[in-house]
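# Remarks on the overall topology
If you want the building blocks of each chain, they are given just below.
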Amino acid sequence: MPLGHGSPARPGGAGRVTYLSDTSRLPASGKLLIYGSGGRGKRLLADVRALGSGLDPIGFLDSFKSGRCEALKIHPVDELPELQRVHGEEQIVIVVASTFHRAIERELRTRGVDAFHVFLEPAETIAYLDAPEENIVRLLGIIAHPLNAPPQATRVRQGTCWRCESLSGLYMRPTGFSLCCWMPDLVRADAPLRALERLGRIRKLLVEAIDRGECGFCASCPELAPEHGVNSPDAITLLHMDTSTACNLACSYCNVKDIHAGCDYDPVEVYDLLRDQGLLAPGYRFDWGGFGEPTINPHFAHITGKMLAEGASGLVYTNALVRSPSIEQGLREGRLRIVCSIDAGTRETYRQVRNVDGFEAVWKNVETYAALNPQQVHLKYIVTTQNAGAEETDAFVDRCVRAGIRNVTISKDFFEKRTPDAVREGVRRLALECARRGLTYSFLGTAISPAFIRSLKLNHPAPGRKA
């Protein structure tokens with residue numbers, strides 16, 4: 001089944017679910033039951049009352065609260081069948097109004113309820129998940145690309161296409177599917193086959209818009225570049241497994257820890273579907289990253305073992321606090337590369353940055369990995385005000401040399417709007433020390449720009465940049 005083909009997606013997903021952020025789109029009459037008695041539910045009730053429609057609010061449903069809210073009773077969800085019996089199932093209008101609407105949607109469906117509305121904040125990415133496919137390019141054009149690069153002219157000229165690797169990839173988040181990490185979720189994953197078909201059609205529309213020079217979001221991404229190629233691929237060549245949601249560290253600069261309680265779907269089921277449907281290209285590549293540590297993901301060893309057995313090659317972003325037999329296997333076979341961010345040269349600074357006393361355990365595992373395949377082990381150092389001093393950067397490089405590390409990636413905090421002088425000097429010092437000790441180093445392209453590199457005024461040829 002080529003990507004970009006298949007039956008049309010049903011509007012609204014499974015059942016008769018309607019997503020809205022405007023109460024005027026609610027039915028004109030009926031018995032209103034609001035699932036969620038928090039701030040969003042209260043705002044919905046106020047809007048309905050101000051609208052003066054024929055909807056009659058009869059109460060709230062809530063999974064955890066009881067009592068009363070805005071003069072209405074809060075019912076536990078177990079009372080829903082009785083409310084349906086008393087008021088008439090066809091008369092009740094259920095509106096989910098909660099930040100946790102996805103979990104509530106699943107709860108309602110497990111109870112056999114597939115006709116309800118979901119009230120959303122206007123800025124929520126759910127707009128992409130349920131918008132008609134032909135509107136996605138326009139909706140992406142409304143938001144700015146996170147890298148904020150100047151837009152490029154991407155109209156096809158003289159047979160040259162503008163492409164990036166992600167246009168033939170699948171990006172799996174805990175909350176849904178997309179094409180790359182910069183885009184919001186474009187499809188929900190509760191029905192994986194239908195989700196992949198929808199994403200394939202969106203992919204085709206994006207490629208066509210890029211060729212016409214009409215995809216402003218992708219035009220602002222420096223990873224999009226001119227090359228000779230074809231339009232939509234028939235198979236996935238790059239699989240991003242960013243489904244991890246738990247971490248065994250608590251890094252001081254982390255802004256994604258604990259933002260997802262778990263994955264909204266079964267990644268093993270999706271991977272098996274990709275394989276069984278022939279959607280993975282021969283020799284495809286994969287990577288593990290996400291919102292937590294991949295090696296403690298319960299599916300990591302199982303899926304990675306299968307991918308390696310199929311001949312795929314991959315990349316794992318790991319903190320190396322736990323040694324992984326799957327990583328060892330991939331390194332031994334020469335088909336796995338790892339990137340490990342250590343960000344310290346001493347035990348005490350590591351503990352301050354990571355909030356875990358794991359410095360020696362990490363280096364022991366790194367040394368084990370490097371002994372298996374030193375070229376495939378890349379250490380990263382994110383320079384911050386905590387670790388920018390000469391003692392730290394020099395000690396880190398010395399430890400790299402002793403561990404047999406050959407490749408270092410230098411970065412700074414991606415989300416830092418202004419770079420302190422101490423961080424700038426730390427980046428420069430680390431680069432010079434790597435060069436002095438014979439290590440190959442590069443700068444993380446999404447965090448350190450060419451202009452920043454030029455400002456360092458290094459006294460040797462500029463190294464490569466990694467995306």
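Residues numbered from 1 in each chain as written. Predicted model: local features only at pLDDT ≥ 70, side-chain atom pairs only at ≥ 80, totals over all residues. Heavy atoms only, no water.

### Topic: the overall build of the chain
Scanning the chain from N- to C-terminus turns up 15 helices and 19 strands. Taking 467 residues into account, the globule formula puts the C-alpha radius of gyration at 23 Å, and the chain, at 25 Å, falls close to it. Relative to its 467 residues, the chain shows a buried fraction of 52%. Look at the contacts in the chain between residues 6 or more apart in sequence, and 71% of them connect residues 24 or more apart. Total accessible area on the chain is roughly 20800 Å²; 51% of this is exposed by carbon and sulfur atoms. Of the charged side chains in the chain, 56 are positive and 54 negative, and the gap between their average positions amounts to 4 Å. (Helix = DSSP H or I, 4+ residues; strand = E, 2+ residues; numbered from the N terminus. Rg over C-alpha atoms; globule rule 2.2 N^0.38 Å. Buried < 20%, exposed > 50% of the residue type's maximum accessible area, 1.4 Å probe, protein only. Contact = heavy atoms within 4.5 Å. Areas by Shrake-Rupley, 256 points an atom, 1.4 Å probe, with all protein chains shown as cover. Lys, Arg positive; Asp, Glu negative; His and termini not counted. Charge placed at Lys NZ, Arg CZ, Asp CG, Glu CD.)

### A closer look at the nonpolar core
In terms of nonpolar packing, the biggest core is built from 96 residues, with Phe177, Leu239, Ile342, Leu379, Phe396, Ile410 and Phe443 touching the most fellow members. The element contributing the most residues to this core is helix H6 (residues 192-211), with eight residues. For Leu379, the residues in contact, after removing those within four places along its chain, are Cys340, Ile342, Trp363, Val366, Phe396, Cys400, Ile405, Asn407, Val408 and Thr409. With 18 residues, the next largest nonpolar core counts Val77, Ile104, Leu108 and Phe116 among its residues. (Core = buried A, V, L, I, M, F, W, Y, C linked by side-chain atoms within 4.5 Å.)

### Digging into H6
Side chains three or four residues apart in an α-helix point the same way, a direct result of the helix having 3.6 residues per turn. Between its terminal C-alpha atoms H6 stretches 28 Å, which fits the 28 Å expected from 20 residues at 1.5 Å a residue. Positive phi appears at Gly213, one or two residues downstream of H6, with a value of about 75 degrees. (Expected span 1.5 Å × (residues − 1).)

### Quick notes on the packing of aromatic side chains
For the structure on display, the rule yields seven aromatic pairs. When the ring of Phe177 is compared with that of Tyr265, the centres are 5.3 Å apart and the planes differ by 85 degrees; the resulting orientation is edge-to-face. One end of the pair, Phe177, is in strand E10 (residues 176-178); the other, Tyr265, is in the loop between strand E12 (236-241) and helix H8 (267-276), with 88 residues separating them in the sequence. Of the two residues examined, Phe177 and Tyr265, each falls in the buried class. (Phe/Tyr/Trp six-rings, centres within 6.5 Å; stacked < 30°, edge-to-face > 60°.)

### Structural notes on empty space enclosed by the protein
By the definition in use, this model includes two cavities of 30 Å³ or more. Taken as a whole, the largest cavity encloses approximately 140 Å³ of empty space. As for the largest cavity, its lining consists of Arg102, Glu105, Arg106, Arg109, Thr175, Arg188, Ala189, Asp190, Asp264 and Tyr265. Taken as a whole, the second largest cavity encloses approximately 110 Å³ of empty space. Residue composition of the lining of the second largest cavity, by class: ten nonpolar, two polar and one charged. (1 Å grid on protein atoms, 1.4 Å probe; cavity = no way out; pocket = protein on both sides within 12 Å on 5 of 7 lines; lining within 4 Å. Points joined across faces, edges and corners; volume = space filled by probe spheres on them. Nonpolar A, V, L, I, M, F, W, Y, C, P; charged D, E, K, R; others polar.)

### Some remarks on unusual backbone geometry
The phi dihedral of Glu70 is positive, around 50 degrees, even though this residue is not glycine. By the element assignment, Glu70 lies in the loop between strand E4 (67-69) and strand E5 (72-76).

### Digging into helix H9 (residues 300-309)
Among all positions in H9, only Phe300, Ile303, Thr304, Met307 and Leu308 are buried. Seen along its axis, H9 keeps its buried residues to an arc of 130 degrees; they face one direction. Summarising the contacts, the buried residues of H9 are in contact with E12, H8, strand E13 (280-288), strand E14 (313-317) and helix H10 (325-333). Backbone geometry just after H9 places Gly311 at a positive phi near 95 degrees. (Arc of directions from axis to C-beta.)

### Digging into the environment of Gly41
By the secondary structure assignment, Gly41 is in helix H1 (residues 39-51). Gly41 gets classed as buried once you look at its relative accessible area, which sits at 0%. Between the C-alpha atom of Gly41 and that of Ser244, which follows or precedes it by 203 residues, the distance is 30 Å. Sequence-distant contacts of Gly41, that is, excluding residues within four places in its chain, are made with Ile34, Gly36, Phe60 and Ala97.

### Overview of the pairing of E13
With five bridges connecting them, E12 and E13 associate as parallel partners. Its bridge partner lying in E13, His240 is registered against Asp287. The pairing of E13 with E14 spans four bridges and is classified as parallel. Residue pairing for E14: Trp288 is matched across the bridge by Val316. The parallel pair E13 and E14 is bridged by H9, and the resulting crossover is right-handed. (Pairing = 2+ DSSP bridges. Right-handed = clockwise from strand over helix to strand, strands pointing away.)

### Brief notes about the packing of H6 against H8
Two elements in contact, H6 and H8, have axes separated by 10 Å at closest approach and are oriented at 60 degrees. With respect to H8, the element H6 is oriented oblique. The handedness of the crossing between H6 and H8 is right-handed. Only Glu269, Val270, Leu273 and Leu274 of H8 make contact with H6, whose side of the interface consists of Pro192, Leu193 and Leu196. Class assignment of the residues belonging to the contact of H6 with H8 gives a composition of six nonpolar, no polar and one charged. (Axes fitted to C-alpha atoms, helices over the stretch in contact; angles between N-to-C directions. Parallel < 35°, antiparallel > 145°, perpendicular 65-115°, else oblique. Left-handed = near helix turned anticlockwise from the far one by under 90°.)

### Quick word on the side chain of His145
Secondary-structure assignment places His145 in the loop between helix H5 (136-140) and strand E8 (161-163). The contact partners of His145, leaving out residues within four places of it in the chain, are Trp182, Phe217, Ser220 and Cys221.

### Focus: the pairing of E5
One ladder, built from three bridges, connects strand E3 (residues 54-62) with E5; its direction is parallel. Bridge assignment links Asp62 to a residue of E5, and that residue is Pro76. Between the end of E4 and the start of E5, which pair antiparallel, lie two residues, with Glu70 showing a positive phi angle near 50 degrees.

### Structural notes on the environment of Tyr317
Inspection of the secondary structure assignment puts Tyr317 in strand E14. Tyr317 sits in the partly exposed class, given a relative accessible area of 38%. In sequence terms Tyr317 and Val339 are 22 residues apart; their C-alpha atoms lie 4.9 Å from each other. Once residues lying within four places of it in the same chain are set aside, the contact partners of Tyr317 are Trp288, Gly289, Glu293, Pro294 and Val339.

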